[in-house]
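Report on the structure
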Amino acid sequence: MCPPAVLSQNLHGRRVIVTGANSGIGFVTAQQLAKQGASVTLACRNEAEGSARADEIRAEVPNADLEVRKLDLGDLSSVRAFVDGYLGAHDSLHLLINNAGVMNTPQGKTADGFETQIGVNHLGHFLLTELLLDTLKKSAPARVVVVSSCYHDMAMGREGVIDLDDLHFENREYEGWASYAQSKLANVLHAKQLAKRLEGTGVTAVSVHPGWVRTELMRHTMPAWMQRVTRPFMRMMGMVEPWEGTQTTLYAALAPDVEDHPGAYYSQTGTYRDKSKNTGGWPLESPSPHAHDDDMAQRLYEHSRQLVGLAAASAREASQAARPHQA
Ligand SMILES: NC(=O)c1ccc[n+]([C@@H]2O[C@H](COP(=O)([O-])OP(=O)(O)OC[C@H]3O[C@@H](n4cnc5c(N)ncnc54)[C@H](OP(=O)(O)O)[C@@H]3O)[C@@H](O)[C@H]2O)c1
C-alpha cells in the first residue's frame with residue numbers, strides 16, 4: 001500500500017488526465033487524486049457514464065474539481081478531438097495516466113483498422129501522449145504513468161512479444177491472450193522509450209502492473225454471473241479490490257522517489273514466469289527479456305509514429321520548412 005504521506009500530498013493546482021476513469025482502477029485513481037485537490041479530467045469513451053461517476057466523486061468530495069471529456073482510444077480522430085478540446089481549455093498538464101484498456105477481446109479492428117487491443121491499449125495512448133508532450137514539458141515537474149500488466153511477460157501461457165511485421169494479426173491466427181500480452185509489452189516499452197526521450201525535461205514516464213483487481217476487465221473472458229459466483233474463490237487466489245489495485249498507480253504518480261527511476265516498471269504482486277518476481281516491487285526489474293530490448297522500444301516508437309500519422313506530419317513540416325519563403 002502507498003505510504004500515507006503520498007496519499008495526503010496536497011495536489012491543488014496540479015492538472016491530471018485519467019483515461020478510462022469511469023470504471024475500475026481509473027475511477028478510484030481519479031477519485032483519490034480529486035480528494036487530494038487535483039483538477040481531474042475524466043477521459044471516457046462514454047461521456048454519460050463518465051458524468052455519473054463524476055457525480056459519485058462529488059458526492060464524497062463536494063469541492064472536487066472535475067471535468068468529463070469524451071475520449072475513444074479506438075478512434076484516432078477522437079484522440080485528436082480530445083486533445084484539441086483539452087488544450088483549448090487548459091494550458092498545463094502535470095499528470096497523464098494512461099489507464100484505459102481492454103483484455104482478451106474477440107478479434108476486431110479499431111476505426112483506423114488496427115487490431116483492437118494494440119489499437120486501444122497502445123496506439124491510442126501513444127498518440128494521446130505525443131500530442132500532450134509539449135504541455136507536459138511546459139508543466140514540469142510532470143509524469144506519465146502507463147498502466148501495463150504482469151501479462152506483458154506471459155498471459156495465460158502466451159509469451160509477450162511484439163511482432164512488428166504482423167502487429168495486427170493479419171498473417172497469423174488471432175489469439176486474444178497473445179494480443180493482450182503484445183499490447184501490454186508495448187505499454188512497458190512505450191514508458192521506457194518515452195523516459196529516454198524525456199531525459200532532462202522534468203517529465204518522468206513509468207509503467208505499472210496494478211495486481212489482479214476486481215474490475216470489469218474480465219468482461220470478454222468470463223460472463224458477469226460467473227465472476228460473481230467465483231468471486232470468493234478468486235479473492236482466495238489473490239484477487240484484490242479496486243482500492244488496493246490502485247495503489248501502484250498512485251505510487252507511480254505521486255511518490256517523490258519515482259523521479260529517480262525514469263522508464264521503470266512498478267509491480268504489485270503478479271504472476272511471472274520467474275516466480276521470484278511474483279511479490280512485485282516498486283520498481284521491479286521485469287523478468288521478461290523483451291521488456292529490456294531498447295532496440296525494439298525504439299523500433300516500436302518509430303512504427304507507432306508511422307501508424308498514428310505523426311511521421312508523415314513531421315516529414316511534411318520538414319519539407320515545408322525547407323521550402324524557400326516567397327514574398
Ligand atoms: N484488473 C486487473 O486485474 C488488471 C491487471 C493488470 C492490468 N490491468 C490494467 O488496468 C487498466 C484498467 O483496467 P481495469 O481493470 O480498471 O478495467 P475496467 O474496469 O474494464 O476499466 C477499463 C477502462 O478502460 C476504458 N476503455 C476501454 N476501451 C476504451 C476505449 N476504446 N477508449 C477509451 N476508454 C476505453 C473502459 O471504458 P468503458 O467502461 O466505456 O468500456 C474503462 O473505463 C487496463 O489498462 C488493464 O489492462 C488490470
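Right above here is the structure, for reference.
The written sequence of each chain sets the order in which its residues are numbered from 1. It should be noted that, the model being predicted, local features are given only for residues of pLDDT at least 70 and side-chain atom pairs only at 80 or more, the latter also being counted only at that level, while totals for whole chains, interfaces and linings use all residues.

Before going further, it helps to spend a moment on the overall build of the protein. A run of H or I in DSSP becomes a helix once it reaches four residues, and a run of E becomes a strand once it reaches two; helices and strands are each numbered from the N terminus. When helices and strands are tallied, the protein shows 11 helices and 10 strands. As a reference, a globule follows 2.2 Å times the number of residues to the power 0.38, and the radius of gyration itself is taken over C-alpha atoms. Computed over C-alpha atoms, the radius of gyration of the protein comes to 19 Å, within 12% of the 20 Å expected from 2.2 N^0.38 for 327 residues, which places it in the range of a compact globule. Three exposure classes are used, all based on how many other C-beta atoms lie within 10 Å of a residue's own C-beta (placed from the backbone): buried at 20 or more, exposed at 12 or fewer, and partly exposed between those limits. Across the 327 residues of the protein, 47% fall into the buried class.

So, on to the pairing of strand S3 (residues 65-70). Successive side chains on a regular strand alternate, one facing one side of the sheet and the next facing the other. Strands qualify as paired when DSSP identifies two bridges or more between them. One ladder, built from 6 bridges, connects strand S2 (residues 39-44) with S3; its direction is parallel. Residue pairing in the sheet places Val40 in a bridge with Leu66 of S3. For the handedness criterion, the strands are oriented away from the viewer, and a crossover whose path from the first strand over the helix to the second runs clockwise is classed as right-handed. In this view, the connection linking S2 to its parallel neighbour S3 by way of helix H3 (residues 47-60) has right-handed handedness.

Under the convention used throughout, the expected extent of a helix is 1.5 Å for every residue step, that is, one less than its residue count. Over its 13 residues, helix H11 (residues 310-322) runs 18 Å from end to end, which matches the ideal 18 Å to within 8%, given 1.5 Å per residue. Within H11, only 0 of the 13 residues are buried, leaving the element largely exposed.

The subject of this paragraph is unusual backbone geometry. With an omega of 5°, the peptide bond running from Ala140 to Pro141 counts as cis. Counting through the fold element by element, Pro141 comes out in the loop between helix H5 (116-138) and strand S5 (142-147). The omega angle of the peptide bond from Trp282 to Pro283 is 0°, so this bond is cis rather than trans. One non-glycine residue, Asn104, adopts positive backbone phi at about 55°. Structurally, the position occupied by Asn104 is in the loop between strand S4 (95-98) and H5. At Met156, a position not held by glycine, the phi torsion is positive, near 45°.

Moving on, we get to the site of the ligand. Each residue receives a C-beta atom placed from its backbone. It is near a molecule or strand if this atom lies within 6 Å of it. The environment of the ligand is made up of 28 residues, and the closest members are Gly20, Gly24, Ala100, Gly101 and Thr215. When residues of the shell around the ligand are assigned to their parent elements, the largest contribution, 3 residues, is made by helix H2 (residues 24-35). Only Asp, Glu, Lys and Arg are considered charged, only Ala, Val, Leu, Ile, Met, Phe, Trp, Tyr, Cys and Pro nonpolar, and every remaining residue, Gly among them, polar. Along the lines of polarity and charge, the residues of the shell around the ligand split into 12 nonpolar, 13 polar and 3 charged.

In this model, H5 (23 residues) spans 32 Å end to end at C-alpha, consistent with the 33 Å of a helix rising 1.5 Å per residue. Throughout, bend refers to the angle between the axes fitted to the seven residues that end at a position and the seven residues that start at it. The largest bend in H5 comes to about 50°, at Leu132.

Ordered by their spatial adjacency, 8 strands build an open sheet running S3-S2-S1-S4-S5-S8-S9-S10, and the pairing between neighbours is mixed. One side of each edge strand has no neighbouring strand; the edge strands of this open sheet are S3 and strand S10 (281-284). On average, adjacent strands in this sheet sit at an angle of 20° to one another, irrespective of strand direction. By the convention adopted here, residues make contact when the C-beta atoms placed from their backbones lie within 7 Å. The angle between two axes is taken between their N-to-C directions and runs from 0 to 180 degrees, where each axis is a line fitted to C-alpha atoms and a helix contributes only its stretch in contact. On the sheet, helix H4 (residues 76-89) packs against S2 and S3 and is oriented at approximately 145° with respect to S3. The sheet contacts of helix H6 (residues 176-197) involve S5, strand S8 (203-209) and strand S9 (265-267), and relative to S8 the element is tilted by about 165°.

We now examine the pairing of S5. In terms of burial, S5 is a largely internal element, 6 of the 6 residues being buried. Both faces of S5 are covered, namely the face carrying Ala142, Val144 and Val146 and the face carrying Arg143, Val145 and Val147. Here S4 pairs with S5 via 4 bridges, running parallel. In the strand pairing of S5, Asn98 is matched with Val146. One ladder, built from 6 bridges, connects S5 with S8; its direction is parallel. Among the inter-strand pairings, Ala142 is bridged to a residue of S8, identified as Val203.

It is the contact of H4 with H5, at a shortest axis distance of 9 Å, that shows an interaxial angle of 25°. In terms of axis orientation, H4 runs roughly parallel to H5. The handedness of the crossing between H4 and H5 is right-handed. Here H4 contributes Leu76, Val79, Arg80, Val83 and Leu87 to the contact with H5, which in turn contributes Gly124, Leu127, Leu128, Leu131, Leu132 and Thr135. Of the residues that constitute the contact of H4 with H5, the class distribution is 8 nonpolar, 2 polar and 1 charged. Note on terminology: angles under 35 degrees are roughly parallel, angles over 145 are roughly antiparallel, angles of 65 to 115 are roughly perpendicular, and the others are oblique. The crossing is said to be left-handed when, going from far helix to near helix, the turn is anticlockwise and less than a right angle, and right-handed when the turn is clockwise.

Axis separation between H6 and helix H10 (residues 294-307) bottoms out at 9 Å; the angle between their running directions is 95°. In terms of axis orientation, H6 runs roughly perpendicular to H10. The segment H6 lies against H10, with Ala186, Leu189, Lys192 and Gln193 engaging Met296, Ala297, Gln298, Leu300 and Tyr301.

The nonpolar core is taken to be a set of buried Ala, Val, Leu, Ile, Met, Phe, Trp, Tyr and Cys residues joined by way of C-beta atoms within 7 Å. Grouped together as the largest cluster of nonpolar side chains are 85 residues, with contacts concentrated most on Val18, Ala30, Val40, Leu42, Val145 and Val206. It is H6 that provides the largest number of residues to this core, a total of 10 residues. With near-sequence residues (within four places) excluded, Val40 lies in contact with Val16, Val18, Ala30, Leu33, Ala34, Asp65 and Leu66.

These figures capture arrangement, not role.
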